[in-house]
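Here is what each chain is made of, one letter per residue.
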Amino acid sequence: FEAAAVRAQMVVHCEYDNDLDSALEKAQSYFDRLGDKEHPSTVLICEYMGAQLLGKRKYSDAIDFFERGLESCIHEFDYRRFRSMLGAAEAVSFSSVDDAVSNAERAVNLAVDSDAVSASQRVRARSYLTIARWKQGDLGGSFQSFELAATELLQLELSDDVKTLL
């Protein structure tokens, strides 16, 4: 519960006060209280901070948060892990296309295996993978990912969930 409360405070700092530094201080304070032990709920804080840093184009800091969250959480919080994998794929794509492909592939695999990730989010992950493979020079793999994403997208009904992709 503490991680959720800290995350809520971070949302207030970032989205209402436009104060990224205070949100980072909250995150660090939480990590200091944890000490050497990690808790699966750490991914709640790390995914949020990673996304905020990614939005500010602080890619290396974003990657650090996404990776810390993924290391702390192996089997819980599938949706937050999924978002962290996609965030890491985007952030690292500016420095290592191979790592971007790896993170996008992990996100697709998790999306396929988990009920916590919606079909439209699975399409989004396949789209990230398409672009990462294309940037890597793997045109065959890129077209294969694109075909799967397009086929799956066409099978979805136009629900509110799908509208978020448009």
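Note: the structure precedes this text.
A few points on the structure.

Quick notes on the rules
- Along every chain, residues carry numbers that run from 1 in the direction the sequence is written.
- Thresholds applied to this predicted model are a pLDDT of at least 70 for local features of residues and 80 or more for the giving and counting of side-chain atom pairs; totals over whole chains, interfaces and linings are not thresholded and use all residues.
- Just so you know, side-chain values use all the structure's heavy atoms and leave hydrogens and water out.
- Numbered from the N terminus, helices here are DSSP runs of H or I no shorter than four residues, and strands are runs of E no shorter than two.
- Buried means the residue's accessible area, taken with a 1.4 Å probe over protein chains only, is under 20% of the maximum for its type, while exposed means over 50%, and partly exposed covers the values in between.
- Joining through side-chain atoms within 4.5 Å is the link that ties buried Ala, Val, Leu, Ile, Met, Phe, Trp, Tyr and Cys residues into a set, and such a set is a nonpolar core.
- Whether two residues touch is decided by their heavy atoms; if any such pair falls within 4.5 Å, the residues are in contact.
- Helix axes use the C-alpha atoms of the stretch in contact, all axes being lines fitted to C-alpha atoms, and the angles between their N-to-C directions lie in the range 0 to 180 degrees.
- Oblique is the label for every angle not falling under 35 degrees (roughly parallel), over 145 degrees (roughly antiparallel), or within 65 to 115 degrees (roughly perpendicular).
- Rotating anticlockwise by less than a right angle from the far helix to the near helix defines a left-handed crossing, while the corresponding clockwise rotation defines a right-handed one.
- Each residue is assigned to one of three groups, with Ala, Val, Leu, Ile, Met, Phe, Trp, Tyr, Cys and Pro labelled nonpolar, Asp, Glu, Lys and Arg labelled charged, and all others, Gly among them, labelled polar.
- Candidates for patches are residues over 30% relative accessible area with no salt bridge; among them, like charges are joined within 9 Å and nonpolar side chains (Val, Leu, Ile, Met, Phe, Trp, Tyr) within 5 Å.
- Surface accessibility follows the Shrake-Rupley procedure with a 1.4 Å probe radius. Residue values consider only the protein chains on display as shielding.
- One speaks of a salt bridge when a side-chain nitrogen belonging to Lys or Arg is within 4 Å of a carboxyl oxygen belonging to Asp or Glu.
- The charge count treats Lys and Arg as positive and Asp and Glu as negative. His and the chain ends do not count.
- Lys charges are placed at NZ, Arg charges at CZ, Asp charges at CG and Glu charges at CD.

**Digging into unusual backbone geometry**
Piece 1. In this structure, Asn18 is a non-glycine residue whose phi angle is positive, near 55°.
Piece 2. Within the fold, Asn18 resides in the loop between helix 1 (2-16) and helix 2 (20-34).
Piece 3. Here Asn18 falls in the exposed class, since its relative accessible area comes to 61%.
Piece 4. Positioned with a positive phi, Arg57 is a non-glycine residue whose angle comes to about 65°.
Piece 5. One can find Arg57 in the loop between helix 3 (42-55) and helix 4 (59-72).

**Observations concerning the nonpolar core**
Piece 1. Core analysis: the largest hydrophobic core is formed by 40 residues, its most contacted members being Met10, Ile45, Met49 and Phe82.
Piece 2. Of all the secondary-structure elements, those providing two or more residues to this core are helix 1, helix 2, helix 3, helix 4, helix 5 (78-92), helix 6 (97-113) and helix 7 (119-136).
Piece 3. Apart from residues no more than four positions distant in its own chain, Met49 is found in contact with Met10, Leu20, Ala23, Leu24, Ala27 and Phe65.

**A closer look at the packing of helix 6 against helix 7**
Piece 1. Running from N to C, helix 6 and helix 7 point in directions that differ by 155°, and their axes come no closer than 9 Å. Classified by the interaxial angle, the pair formed by helix 6 and helix 7 is roughly antiparallel. Considering only the axes of helix 6 and helix 7, their crossing is left-handed. For the pair helix 6 and helix 7, the contacting residues are Val97, Asp98, Ala100, Val101, Ala104, Glu105, Ala107, Val108, Ala111 and Val112 in the first and Arg122, Ala125, Arg126, Tyr128, Leu129, Ala132, Arg133, Lys135 and Gln136 in the second.
Piece 2. Per-class residue counts for the contact of helix 6 with helix 7 are twelve nonpolar, one polar and six charged.

**Here we look at a negative patch on the surface**
Piece 1. Together, Asp61, Asp64, Glu67, Glu71, Asp98 and Asp99 make up a region of like negative charge exposed at the surface.
Piece 2. Those elements that place two or more of their residues in the negative patch are helix 4 and helix 6.
Piece 3. The greatest single-element share of the negative patch, amounting to four residues, is contributed by helix 4.
Piece 4. Here Glu71 shows up in helix 4.
Piece 5. Owing to a relative accessible area of 63%, Glu71 belongs among the exposed residues under this scheme.

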